[in-house]
Amino acid sequence: MQEIRIERTQHPRPKPVDESKLGFGNIFSDHMFLMNYDEGQGWHDPRIVPYGPIELEPSAMCLHYGQSVFEGMKAYRTKDNRILLFRPEKNMARLNVSNDRLCIPLIDEEFAKEAIAKLVDVDRDWVPHAEGASLYIRPFIIGIDPHVGVHPAHHLLFVVICSPSGAYYPEGLDPVRIYVEKNYVRAVRGGMGFTKTAGNYAASLKAQDEAEKQHYTQVLWLDGVERKYIEEVGTMNVFFKIGDEVVTPELQGSILSGITRMSAIELMRSWGMNVSERRISIQEVADASKEGRLEEAFGTGTAAVISPIGELKWGDDIMKINDGKIGPLSQKLYDTLTGIQWGNLPDPMGWTYEVK
Ligand code: COI
């Protein structure tokens, strides 16, 4: 394994005093990880250096054609001051799935996981102590060739930054209101919907902005071809409890393979619940709602954890779910996942990874 050079800051910045007011992604820790790729040389010069601006030429390819991928992970502080990551190997595997789709040279997953753990170790004092707060970790890779022709980059930069953060949504665990998008689409099969690439999020902004103007928190995306089948919600995967079946859209190429999604499915199956990954139309959800069979809906994501959905608006159809209150399944999933992540519950599946 390559050695990681560490240059510690001479000017540590003050840590946030009131961790209940962190918000999400607003401040950054003292250090960052950098590693370069140059064709012929491969990934090289891994280093942890003081957090700060990175220099790019205005012609850097990522700025023009969006050859850029990222991940979202968290580090959690346990009551006995250990620092845990949650299934970091899954993030590294997904990063390589995104890399492959965007013609970005693959990374050594084990090395990248260790590099992230090292960065978190260097900045371990930045992992919040307050309940519900964690250190959000954002690895990303960008093509940096100074060149405006369209082709895969030959020079890239892998960066990891860390942000002490609280809940992603101001609502916290209070149910969010979701707007079902009928006009714009996020992704189509054959495109990049299954990757974590910047452009997918750029594609979502207009609809998100319009939904917010109508006081909805997020957009629920329908498939890009027939605009019938449910895909995902803003920054989350989505689940519906209809009678005794829990349904989430199958991974068919335009949906992100969420690690919280995967963990929620594995947990519910371990509880003996009937979980289906299948096509589900918005009409089916609307019918279930009318017939009183739509018991709960919730989103899953690293940033959002479990986010109960209290209302769905599909055109004129307003579906209130569980009276706009958090349901027992959403609560149980939230309690179990966060219990494992913060080391307050046993971890029988071996999902946590201690930073040492
Ligand atoms: C995450 O849940 O980690 C994400 O990457 C969503 C993000 C765009 C805030």
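Note on numbering: residues in each chain are counted from 1, in written sequence order. In keeping with the model being predicted, local features are shown solely for residues with a pLDDT of at least 70 and side-chain atom pairs are shown and tallied solely at 80 or more, while totals for entire chains, interfaces and linings include all residues. Computation of side-chain values: all heavy atoms of the structure, hydrogens and water removed.

Sorry, what's going on with the site of the ligand here?
When we say a residue is near a molecule or strand, we mean one of its heavy atoms is within 4 Å of it. Neighbouring the ligand are Phe70, Gly72, Tyr136, Arg138, Tyr168, Lys196, Tyr201, Thr235, Thr302 and Ala303. Given that more than half its atoms are within 2 Å of the pocket grid, the ligand belongs to the largest pocket. Here the term charged refers only to Asp, Glu, Lys and Arg, the term nonpolar to Ala, Val, Leu, Ile, Met, Phe, Trp, Tyr, Cys and Pro, and the term polar to all other amino acids, Gly among them. The class makeup of the residues in the shell around the ligand is five nonpolar, three polar and two charged. Where each domain starts and ends comes from a domain assignment, either automatic or drawn from a database. Taken domain by domain, the shell around the ligand gets at least three of its residues from each of domain 1 (5–165) and domain 2 (176–341). Space inside and on the surface of the protein is sampled on a 1 Å grid over the protein atoms alone, with a cavity defined as a set of points where a 1.4 Å probe fits but cannot get out and a pocket as an open set with protein on both sides within 12 Å along at least 5 of 7 lines; lining residues have an atom within 4 Å of a point. Each molecule is checked against the cavity or pocket grid, and it sits inside if more than half of its atoms lie within 2 Å of the grid points.

How should I be thinking about the pairing of strand β17 (residues 317–320) in this particular structure?
Both faces of the sheet carry side chains from a regular strand, because those side chains alternate between them. Where strand β16 (residues 305–314) meets β17, four bridges bridge the pair, whose relative direction is antiparallel. Counted as the bridge partner of tryptophan 314 is aspartate 317 from β17. Between the antiparallel neighbours β16 and β17 lie two residues, among them glycine 315 with a positive phi of about 60°. Strands qualify as paired when DSSP identifies two bridges or more between them. Put simply, DSSP H or I for four residues or longer makes a helix, DSSP E for two residues or longer makes a strand, and each gets a number counted from the N terminus.

Is there a simple way to explain the packing of aromatic side chains in this structure?
In this description, an aromatic ring pair is defined by two values, namely the gap between the centres and the angle between the planes. Each Phe, Tyr or Trp ring (for Trp, its six-membered ring) is paired with any other whose centre lies within 6.5 Å, and the angle between the two planes then decides the class: stacked below 30 degrees, edge-to-face above 60, tilted in between. The final tally for this structure, using the stated rule, is 11 aromatic pairs. Their ring planes at 75° and their centres at 4.7 Å tell us that tyrosine 76 and tryptophan 342 sit as a pair that is edge-to-face. Here tyrosine 76 is found in strand β5 (residues 73–77), whereas its partner tryptophan 342 is found in the loop between α7 (328–341) and β18 (352–355), with 266 residues between them in sequence. For the residue pair tyrosine 76 and tryptophan 342, the accessibility class agrees, reading buried in each case. Ring geometry for phenylalanine 239 and phenylalanine 298: centres 5.1 Å apart, planes at 10°, overall stacked. Here phenylalanine 298 lies in strand β15 (residues 294–301) and phenylalanine 239 lies in strand β12 (residues 237–242), a separation of 59 residues in the sequence. Owing to a relative accessible area of 0%, phenylalanine 298 belongs among the buried residues under this scheme. By the ring-pair criterion, three or more aromatic residues cluster together here, those being Phe33, Tyr37, Trp43 and Phe158. Remark: a charge is flagged as sitting over a ring if the NZ atom of Lys or the CZ atom of Arg is within 6 Å of the ring centre and within 35 degrees of the ring normal. Across from the ring centre of tyrosine 229, 3.9 Å away, lies the NZ or CZ of arginine 279, which sits over that ring. Over the aromatic face of tryptophan 271 sits the side chain of lysine 332, whose NZ or CZ is 4.1 Å from the ring centroid. Burial here depends on accessible area, computed with a 1.4 Å probe over protein chains only, as a share of the maximum for the residue type. Under 20% is buried, over 50% is exposed, and the range in between is partly exposed.

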